[in-house]
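Summary of the model geometry
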Amino acid sequence: MTSDVFNEKYKELNARQREAVEAIDGPVMVVAGPGTGKTQVLACRIANILVKTDTKADSILCLTFTNSAVKEMRSRLRKYIGAEAGKVAVSTFHSFGMSVVEKYFSVLDMDIMPRIMDDSDAIALCDEILHAHDWEHLRPRSDTSRYFKDLKDLISLLKRERVAPDDFEYQIKQEIKSIESDPENISSRGKTKGELKKDAQSKIERLAHTAEAVKFYEIYEKVKKERGLFDYDDVLEALVRIVEASDDAANFIREQYLYVLIDEHQDSSGVQNRFLESVWGKVEMPNIFVVGDDRQLIYGFGGASLQYFENFKHAFGKAKLINLVDNYRSTQIILDTAHELLASSMSKEKLQSHREGDHPLLLIEASYARDEIIACGMAIKDLIAKNDIALEDAAILVPNNRMARLASAELESMGLAVASSGKKNLFDLGDARALVRVLKIIADPGNSAYIAESLLDPLSEIPPLEAHKFMMGNSMRNFNILEAGSVEEKNINSWLGRIKAWITEAPEKTVYTLLQHIGSELLINTAESHTKLLERIEIVRTLLSHAAAKSENDPHISLADFLEFLARLESYGAYLPISTFGAEKGVRVMTMHSSKGQEFDFVWIAHLDKNSLAGSKHSGFALPSVLEEKVEKKDEEVQKRELYVAITRAKRFCTLSYALRSPSGRDLELANIVANIEGSLEKQSAEETEESILKSNPKLYIGESNPIRADFTLEDLQSAVAKDYEDRKVSVSLLNSFFECPWKWYFGSLLRLPQAQTESLVFGDIVHVSIDKILKLARVPKESEIEEIVIEEVSKSNYGSIEKQKIIERDALDIVKKWVGARLPEISNDRENEKTISVNDDRFPHLQIYGKIDLVETIEKGKVRVTDFKTGNPKKKSDFEKLDSEGRMSDYMRQLAMYSYLIKQSSKNDIDVSESVLEFVQAEASLMFIRMHIEEKHIELLISDIKDYDNLVKSGEWTNRPCNFKSYGKKSAVCEYCALKNRLF
């Protein structure tokens, strides 16, 4: 089971690491400083448990805090224990929580599995509530978005601390009473003698404002419950509620997982620790192993507390305590400086370096923040020229995301490649703003300001001088695009013509379809590079997701209303993440906070002045004392921990820097925590920094640059895809797309390019969902109920005009009513519909194979029938039984084979799929069914397909596969995905 790699790695462990790996039984606590090999210890310990005990791999649970940590752990385990690695439950706390909720959601008095809102969903819901009710304080007329972020933060805090709305309201009332009755708050002299002091009055007023947030909180929870929604903070709270309320759930977890390992335990919150206590609290000396470091607690805003980590020493009986002090990452100079900044409260031992090097830590003083980044770029170039570092092993760390964006732009202007962070904010992207600007023109053609701005937009392809002359010769204040005729300027005439065409088309389209249409024409079809295309796809897709969400609540939402919603999101400071594909090799630019878990040869930590490092943590709400103490302040201890993490990312070279003045000229001061270790740093003055910049390249000061950009090649794409494809679940639709056309898979399944709505797709979805809802009723519905279900789905679709919706409604009702009358009585009551199955296969431990089956009926014990509903035209059985030229099954056969495979794999072959059925619900009775029995040969063909898919993507050979697109029966004679690909390479 274990490999030679594990045996080699085990031999490399130092004495304390080996002690931790060998300490299998009972509670164990490891204090692991940075670079001491905690991930290695965790992976080796899991492997060692499997070697030394008869424990099965799926009886081991390893919980951590980030998806990247999960990915790294799985990768190591695959090397150490092979296929068994796929069975070990390695998960983030939230993913594990969701798996438990999925199994036991009925314990929460929920009829269906809740849908998890992402950040964008949560922002949209808060915005909806804020604008659907009257508020005295929460939405001031002068600044309607003032308290938005504070509201979200407050709700998150209350959930982490398990404070219900009623409890919160009670705490506020008690706090007010306490203030009013405290003699210290009563004035004892002057005119105000006997009255509350001003500070006390102010606190009571602020608490009264906070009381209004209780109402917001109540509505927020009520709406989520009605819609079957969970937010991020609900997941762990639900996990705790389940194990507290259900002995079955707690017993299942306790019996399933004999060994539990917790990574980064210092970052565990109260609710996470409550989960551990609820499940294993009464077990004598449970096998719980935690790894953490008190100096690296940086998730205090998420409810983590050093107290939780320290308490583990006695929480489950006396834990075996092991300190790891051998550091394999950083030089001793770096470690000593970090120790001077922050010593461990749990270990008196200093970290000992096993890396050679004596490069001193530098403190660079600069006149302005921009100079810090220029100096950093110069240092990187110099070290690269000397072959002392590689470009991709250099990082610049800053206090916040805004600073990271500015630093990235500055480094790129110096000709340094910056590695893609993977995410950008929609509102920061010029192309997104350009698209929204065009939409604003369409929604309000009379607004000449939008027209004027658009003429200067690069996407208009209007030379700036031409735009300038046009605006000089015309009164733009009175310019009306609808009244304007042809203009002399060719480029402007072309641009205005495009906008007029969009305005003309807009009344016939929904917000969603209009976004699809203009997003494609303006952004996607005009992308000049592969990287730009990917970014623009993400822009359109993100806007479409928000349009779809808004349309779900208001099917007839206007474009103006949607744009107003986007404007509000931007005013809230909302971060709408856009996935980006950029350079893989380049300088890494990130926040100090997000650098945790990373390591680099060269680290430059910038903007360490007091204001930048302290950040802003002031809430608009006053809190009761019992909650106030739970809120992490960005005090010096928190700053120390963040800086400690940042410094210990460095292997050999580490530089700290700060500016003397803000861009407005205001004086800045070095943060106290850096000033306290200044004696250990070699310092360079602002004058010396300025002189070195001017000597190296005076043009840097005036922003002259010559950026170096490499085209995104096919090889780059192959490499990026090989790294990311494992994150997509393998479904039958994914395989069908892949073997039809690799570019259909790439754009549709991997990138998830939004698919344009068509009447057939909309109609099929309406019928499909209606049948699903009827099956869930577990009884024959009345005719009025059928009508209500179908009408609701038609309304949700918001497709086409009112007249078109009436036609769809009529036809869908006709099909569904006939189906209910003819088919529903034949279907077994012992059934599951929309059954979701996700499995791992030892042959592909790195892939998750997934499917959703329309209907599973139990025929007799151990035997089931699976049915997939189709709304298209019926097919001949002989057509899809044939193998293609590569010896592969047809799409339909692969689909049925996948269903049988998933059921057998998930039930460990205890269930046999005796019959597989394709049911064409629109067809006549004689053509409605195609019945099959999936044999082992079909499963083998499916496994072969998965294997080929895996190998082709890993090797990059997928790009060389031919396209098998067949044009008959389709509007296009060419493959749209190949056409898209041909514009890239």
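Residues numbered from 1 in each chain as written. Predicted model: local features only at pLDDT ≥ 70, side-chain atom pairs only at ≥ 80, totals over all residues. Heavy atoms only, no water.

1. A look at the nonpolar core
By size, the foremost hydrophobic cluster in this structure holds 148 residues, and its most contacted members are W745 and Y746. The element that contributes the greatest number of residues to this core is helix 9 (residues 198-227), accounting for ten residues. The residues touching Y746, leaving out its near neighbours within four places in the chain, are H530, L534, L717, V721, L751 and W958. In this structure, V31, V101, V260 and A319 belong to the second largest nonpolar core, which totals 38 residues. (Core = buried A, V, L, I, M, F, W, Y, C linked by side-chain atoms within 4.5 Å. Buried < 20%, exposed > 50% of the residue type's maximum accessible area, 1.4 Å probe, protein only. Helix = DSSP H or I, 4+ residues; strand = E, 2+ residues; numbered from the N terminus. Contact = heavy atoms within 4.5 Å.)

2. Quick look at the environment of E759
Considering the arrangement of structural elements, one finds E759 in helix 32 (residues 759-777). C-alpha separation for the pair E759 and D336, spaced 423 residues apart in sequence, amounts to 67 Å. Among residues more than four places away in sequence, those in contact with E759 are Y799, K804 and I808.

3. Notes on the environment of L896
Mapped onto the fold, L896 is located in helix 36 (residues 891-906). You can call L896 buried: its relative accessible area is 0%. Between the C-alpha atom of L896 and that of I853, which follows or precedes it by 43 residues, the distance is 9.5 Å. Not counting the four nearest positions on each side in its chain, L896 is found in contact with S916, V917, L918, M932 and I934.

4. Some points on the sheet that holds strand 15 (residues 588-591)
Spatially, six strands are ordered 15-12-16-17-11-18 in an open sheet, and the strand pairing comes out parallel. Whereas interior strands pair on both sides, the edge strands pair on one side only; in this sheet they are strand 15 and strand 18 (682-684). Taken over all neighbouring pairs, the strand axes of this sheet differ in orientation by 20 degrees on average, direction set aside. As paired elements, strand 12 (residues 394-398) and strand 15 share four bridges and run parallel to each other. In the strand pairing of strand 15, I396 is matched with V589. The sheet strands contacting helix 16 (residues 401-413) are strand 12 and strand 15, and the helix crosses strand 15 at an angle near 165 degrees. (Pairing = 2+ DSSP bridges. Axes fitted to C-alpha atoms, helices over the stretch in contact; angles between N-to-C directions.)

5. Describing the confidence of the model for the chain
For the chain, mean pLDDT is 86; residues scoring 70 or higher make up 91% of the total. Looking over the chain, one finds the lowest element-wise mean pLDDT in helix 38 (residues 976-982), namely 70, and the highest in strand 16 (residues 600-605), namely 97. Across residues 702-712 the pLDDT falls below 50, and counting only partners more than four positions away or on other chains, this stretch makes 15 contacts in the model. (pLDDT = per-residue confidence, 0-100.)

6. Points about a negative patch on the surface
Together, D166, D167, E169 and E218 give the surface a local cluster of negative charge. Ranked by residue count, the leading element in the negative patch is helix 8 (residues 165-181), at three residues. Following the sequence through the fold, E169 ends up in helix 8. E169 gets classed as partly exposed once you look at its relative accessible area, which sits at 33%. (Patch = residues over 30% accessible without salt bridge, like charges linked within 9 Å, V, L, I, M, F, W, Y side chains within 5 Å. Areas by Shrake-Rupley, 256 points an atom, 1.4 Å probe, with all protein chains shown as cover. Salt bridge = Lys/Arg side-chain N within 4 Å of Asp/Glu carboxyl O. Lys, Arg positive; Asp, Glu negative; His and termini not counted. Charge placed at Lys NZ, Arg CZ, Asp CG, Glu CD.)

7. Thoughts on unusual backbone geometry
A positive phi is found at M285, a non-glycine position, where the angle reads about 50 degrees. Within the secondary structure, M285 is located in the loop between helix 12 (270-280) and strand 7 (288-292). Overall, M285 belongs to the partly exposed group, its relative accessible area being 39%.

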